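The lines below spell out each chain.
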Amino acid sequence: LQLLNPKNSSSKRVTITRVSVQPGFEQPRHKHDASEQIWIALSGSGLLLLENGEKPFSSGDVVRFEDGDIHGLKNDSQTVFEYISVTSPPIDFGYAYKEENGECRG
């Protein structure tokens, strides 16, 4: 669910998205050539999918990806994993989320 983006705010510098990842779902490794992201884990646990492997990511953790960093996420738990994503400069992620419930499409 995009909480803040250039379509619903006068801010042109950031997109803030609340992401819910269902158990067993994976956001494949990808990169953003011209945007950095900060992810803040709210609840649950999962695995960050990085260029050179995986790293545990759970409630309370914060991670930053620079422009061009390879990243993704796998929810390898039995519960929903939720995190906030802050992207700058903004990207419209509307294509990637079911706005009605904030879940990742998959």
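Nothing here was measured: the structure is a model prediction, and the numbers come from that model.

## Describing the sheet that holds strand E5 (residues 45-50)
Within a beta sheet, neighbouring strands are joined by backbone hydrogen bonds and run either parallel or antiparallel to one another. With antiparallel pairing, the four strands of this open sheet are ordered in space as E3-E8-E5-E6. The sheet is open, and its two edges are formed by strand E3 (26-30) and strand E6 (53-58), each paired on a single side. Going from strand to strand, the sheet's axes swing by 25 degrees on average, the running direction of each strand aside.

## Here's the deal with the confidence of the model for the chain
Overall, the predicted model of the chain reaches an average pLDDT of 86, with 83% of residues at or above 70. By mean pLDDT, strand E11 (residues 103-104) is the weakest element of the chain at 46, and strand E7 (residues 62-65) is the strongest at 98.

## Some thoughts on the environment of Val63
On the secondary structure map, Val63 appears in strand E7. Residues in contact with Val63, not counting those within four places in the same chain, are Gln37, Ile38, Trp39, Leu48 and Phe57.

## Some words on the pattern of salt bridges
In total, this model carries four salt bridges according to the counting rule given. Close ionic contact of Lys31 with Asp33 constitutes a salt bridge, the shortest N to O distance being 3.6 Å. For Lys31, a relative accessible area of 46% corresponds to the partly exposed category. For Asp33, a relative accessible area of 59% corresponds to the exposed category. Between Arg64 and Glu66 there is a salt bridge, and its shortest N-O distance comes to 3.5 Å. Judged by its relative accessible area of 46%, Arg64 falls in the partly exposed class. Each of Glu36, Arg64 and Glu66 takes part in one network of salt bridges that share partners.

## Considerations on the packing of aromatic side chains
The tally for this structure, following the rule as stated, stands at five aromatic pairs. Taken together, a centroid distance of 4.5 Å and an interplanar angle of 40 degrees make the contact between Trp39 and Tyr83 tilted. Pair noted here: Trp39 is in strand E4 (residues 36-43) and Tyr83 is in strand E9 (residues 81-88), with a separation of 44 residues, a long-range link. On the basis of relative accessibility, which here comes to 2%, the residue Tyr83 falls in the buried class. Taking the centre distance of 5.7 Å and the plane angle of 50 degrees together, the rings of Phe57 and Phe81 count as tilted. Taken together, the residues Phe57 in strand E6 and Phe81 in strand E9 connect sequence positions 24 residues apart. The buried category is assigned to Phe57, whose relative accessible area is 2%. Each residue in the set Trp39, Phe57, Phe65, Phe81 and Tyr83 is aromatic and connected to the rest through ring pairs, giving one cluster.

Calculation criteria
- Residues numbered from 1 in each chain as written.
- Predicted model: local features only at pLDDT ≥ 70, side-chain atom pairs only at ≥ 80, totals over all residues.
- Heavy atoms only, no water.
- Pairing = 2+ DSSP bridges.
- Helix = DSSP H or I, 4+ residues; strand = E, 2+ residues; numbered from the N terminus.
- Axes fitted to C-alpha atoms, helices over the stretch in contact; angles between N-to-C directions.
- pLDDT = per-residue confidence, 0-100.
- Contact = heavy atoms within 4.5 Å.
- Salt bridge = Lys/Arg side-chain N within 4 Å of Asp/Glu carboxyl O.
- Buried < 20%, exposed > 50% of the residue type's maximum accessible area, 1.4 Å probe, protein only.
- Phe/Tyr/Trp six-rings, centres within 6.5 Å; stacked < 30°, edge-to-face > 60°.

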